[in-house]
Amino acid sequence: VYTVELRNGYDLKFNSEGKILEIDSPDRSDVKSSIAKDVLPSKIITYLSDKNLLNNIDEIKILRNGDYVVEIDKIMNSRKMRFDKDGQLVTHRR
């Protein structure tokens, strides 16, 4: 796993094949929706948009099995959502 810390505060993790594994936003900031749209399947983007959460993503992880973990930080109301590789919500916890 390779970690890249960008000047703008983002931390990115890649595997040896160059596939992105994790995007972590800078402190007190959120992952920009344009970045999320480039990384997440459209079903997840639609789900997050419908719930008004797309602009509150703190972290995105892509697991080895292809699942996605999206951490939302909406002013101390933090939650993690896990989606399968097809974009279906699997778990949701605060």
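Residues numbered from 1 in each chain as written. Predicted model: local features only at pLDDT ≥ 70, side-chain atom pairs only at ≥ 80, totals over all residues. Heavy atoms only, no water.

Caption draft 1: Seen up close, the side chain of serine 25. Relative to the helices and strands, serine 25 resides in the loop between strand 3 (20-24) and helix 1 (33-39). Side-chain polar atoms of serine 25 contact the backbone oxygen of serine 29, separated by 2.9 Å. Of the polar contacts made by the side chain of serine 25, one reaches the backbone oxygen of aspartate 58; its length is 3.0 Å. Once you skip the residues sitting within four places of it in the chain, serine 25 turns out to touch Gly9, Tyr10, Asp30, Val31, Ile57 and Asp58. (Helix = DSSP H or I, 4+ residues; strand = E, 2+ residues; numbered from the N terminus. Polar contact = N/O pair within 3.5 Å; in protein donor to acceptor, adjacent residues only side chain to side chain. Contact = heavy atoms within 4.5 Å.)

Caption draft 2: Representation of unusual backbone geometry in the model. Its identity is not glycine, yet asparagine 52 carries a phi of approximately 60°, on the positive side. Considering the arrangement of structural elements, one finds asparagine 52 in the loop between helix 2 (42-50) and strand 4 (57-62). Classification of asparagine 52 by relative accessible area gives exposed; the value is 58%. (Buried < 20%, exposed > 50% of the residue type's maximum accessible area, 1.4 Å probe, protein only.)

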